[in-house]
Amino acid sequence: MNPKDPTLHPETLAAQGLGRVAQPYADIVPPIHVSTTYERSGDGTYPGGRVYSRADNPGYDQPEALIAALEGAPSAMLFASGQAASAAVFQSLAAGDRVLAPRNMYWAFRKWLLEFAVPWGLVVDFYDNADPGDLAKRVGEKKTRLVWVETPANPTWDVTDIADAARAVHAAGAVLAVDSTCATPVLTRPIELGADLVMHSATKYLNGHSDVIAGVLATARDDDLWKRIRYVRGGGGAILGPFEAALLMRGMRTLHLRVKAASTNALAIARHFEKDKRFSHVLYPGLASHPASAIAVRQMSGGFGGMLSLRVAAGEQASKDFTARLKVFKRATSLGSVESLAEHRASVEGPGTFCPADLVRLSVGIEHVDDLINDIEQAIS
Ligand SMILES: *Cc1c(COP(=O)(O)O)cnc(C)c1O
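Residues numbered from 1 in each chain as written. Predicted model: local features only at pLDDT ≥ 70, side-chain atom pairs only at ≥ 80, totals over all residues. Heavy atoms only, no water.

Got a sec to walk through the UniProt feature "modified residue: N6-(pyridoxal phosphate)lysine" (unreviewed entry) in the protein? Specific residues and values, please.
UniProt's entry tags Lys204 with the feature "modified residue: N6-(pyridoxal phosphate)lysine" (unreviewed entry), counted in the numbering of this structure. Discounting chain neighbours no more than four positions away, the residues touching lysine 204 are Tyr106, Thr181, Ser334, Leu335 and Gly336. (UniProt positions renumbered as here; feature names shortened; annotations may be inferred. Contact = heavy atoms within 4.5 Å.)

Explain the domain arrangement of the protein to me, and be specific about the residues and the numbers.
Per the domain assignment, the segments making up the protein are domain 1 (10–252) and domain 2 (255–380). Here the C-alpha centre of domain 2 lies 26 Å away from the C-alpha centre of domain 1. On the side of domain 2, 39 residues touch domain 1, which itself brings 39 residues to the contact. Interface of domain 1 and domain 2: buried area, both sides summed, is about 3200 Å²; carbon and sulfur atoms make up 62% of it. Considering only the side of domain 1, the residues that lose the most area to domain 2 are Trp107, Leu187 and Tyr205, jointly responsible for 25% of the buried surface there. At the junction of domain 1 with domain 2, the criterion picks out 2 salt bridges. (Domains from an automatic or database assignment. Buried area = accessible area lost by both parts, 1.4 Å probe. Salt bridge = Lys/Arg side-chain N within 4 Å of Asp/Glu carboxyl O.)

Outline the site of the ligand, listing residues and values.
Around the ligand, the surrounding shell holds 14 residues, and the nearest of these are Gln83, Asp179, Ser201, Thr203 and Lys204. One of the side-chain nitrogen or oxygen atoms of serine 201 is found 2.8 Å away from an oxygen atom of the ligand. Lysine 204 has a polar side-chain atom sitting 2.7 Å from an oxygen atom of the ligand. If the ligand stood free it would expose 380 Å²; the protein chains cover 94% of that surface. (Near = heavy atom within 4 Å. Polar contact = N/O pair within 3.5 Å; in protein donor to acceptor, adjacent residues only side chain to side chain. Areas by Shrake-Rupley, 256 points an atom, 1.4 Å probe, with all protein chains shown as cover.)

Any chance you could break down the nonpolar core for me, citing the residues and the numbers?
Formed by 69 residues in total, the largest nonpolar core has its most connected members in Ile269, Phe279, Leu308, Phe322, Leu362 and Ile376. Look past the residues within four positions of leucine 362 in its chain and what remains in contact with it is Gly306, Met307, Leu308, Leu310, Phe329, Leu341, Ala342 and Ile376. Grouped together as the second largest cluster of nonpolar side chains are 29 residues, Ala101, Leu113, Ala117 and Leu122 included. (Core = buried A, V, L, I, M, F, W, Y, C linked by side-chain atoms within 4.5 Å. Buried < 20%, exposed > 50% of the residue type's maximum accessible area, 1.4 Å probe, protein only.)

Explain the side chain of arginine 345 to me, using residue names and the numbers behind them.
Note on placement: arginine 345 falls in helix H13 (residues 345–349). Filtering out sequence-adjacent residues up to four positions away, arginine 345 remains in contact with Tyr106, Trp107, Pro155, Thr333, Cys355, Leu359 and Arg361. (Helix = DSSP H or I, 4+ residues; strand = E, 2+ residues; numbered from the N terminus.)

Account for empty space enclosed by the protein, naming residues and giving values.
Applying the stated rule across the entire model yields 3 cavities of 30 Å³ or more. Taken as a whole, the largest cavity holds about 50 Å³ of empty space. Considering the residues around the largest cavity, the lining is formed by Arg103, Asn104, Met105, Trp107, Arg110, Asn154, Pro155, Glu349, Phe354 and Cys355. Here the lining of the largest cavity is built from residues that sort into 5 nonpolar, 2 polar and 3 charged. Residues lining the lining of the largest cavity come from more than one domain, with at least three contributed by each of domain 1 (10–252) and domain 2 (255–380). (1 Å grid on protein atoms, 1.4 Å probe; cavity = no way out; pocket = protein on both sides within 12 Å on 5 of 7 lines; lining within 4 Å. Points joined across faces, edges and corners; volume = space filled by probe spheres on them. Nonpolar A, V, L, I, M, F, W, Y, C, P; charged D, E, K, R; others polar.)

Rendered as structure tokens:
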């Protein structure tokens, strides 16, 4: 199979791992390379083209090439975690650079920006991602180096218009980076919409089985910023282990099936409970009632993802009791796996959270949807 054949669909590229076959045994699944170092020839050159495994590992080639193909990117880079991938973007900037991040975003990274990036010398300002005009307004206020978008964004699933953001960010001479973890390349392709960098916590949908921590960046251009990010990875050593890279590759072969099944289930759950008075809000970008529904319809194709939040009308304690009574949904943090997870999100985020106290975040998996709806029904009553 020629992975460059433009008639091939992303589902085929993923299932076949770009059609790669390893040599010399014609393995359909390539071997795992555990060596940390590579022998030089007598003349000092490296016949295998590799020097030391803190720079990279032969087992990265296939998953990085697949992610790049799915994102329409010339290059992708694996990291030890989503946090390490996100941090590498900001660590590649210079002290004094101003960056803009969304008010509602993945909590642990917001915390890292405030507790690491600020003391390290970056100027971190926030825009309101529940207000579609705020990003463009704030990026024009002061000279800005980079704007971070997360869409749909934790835990209320605000959707940011990536094409609009790219126009405003580029007009201001800044770089646009998108955390596309919850959208996945199945539903949204940020680079085609104008983003410069895309980040995924590959721990979530890309791997999809709650058994690997990994992250990845994809770039629109192999430019100086990308070279600097590569140095941050190799120099800082935030690399993925070879076994994790192989597990991630296995997970990605079923990415499209899993994301479509989770999206179908989440939409069915959202519709089932949308008018239920026991929930004050059913937050899901695929519902016409969601404030960002119009942007989601324009920007996402093939579904709206597996993430949805329920706000329990009877308040904070009732939302905790509801979570405690769930039997099929597992009470656990994280998202994007085949099994459904639920958590009282404000408890996880802790002091300073913007998350409403009555909100329960659901990561909808690929189980039979009736079992998930019945579980919510028995837990809310
Ligand atoms: C989990 C997550 C991250 C962080 O990724 P890790 O792999 O846990 O380090 C970043 N952004 C989003 C949206 C996430 O869900």
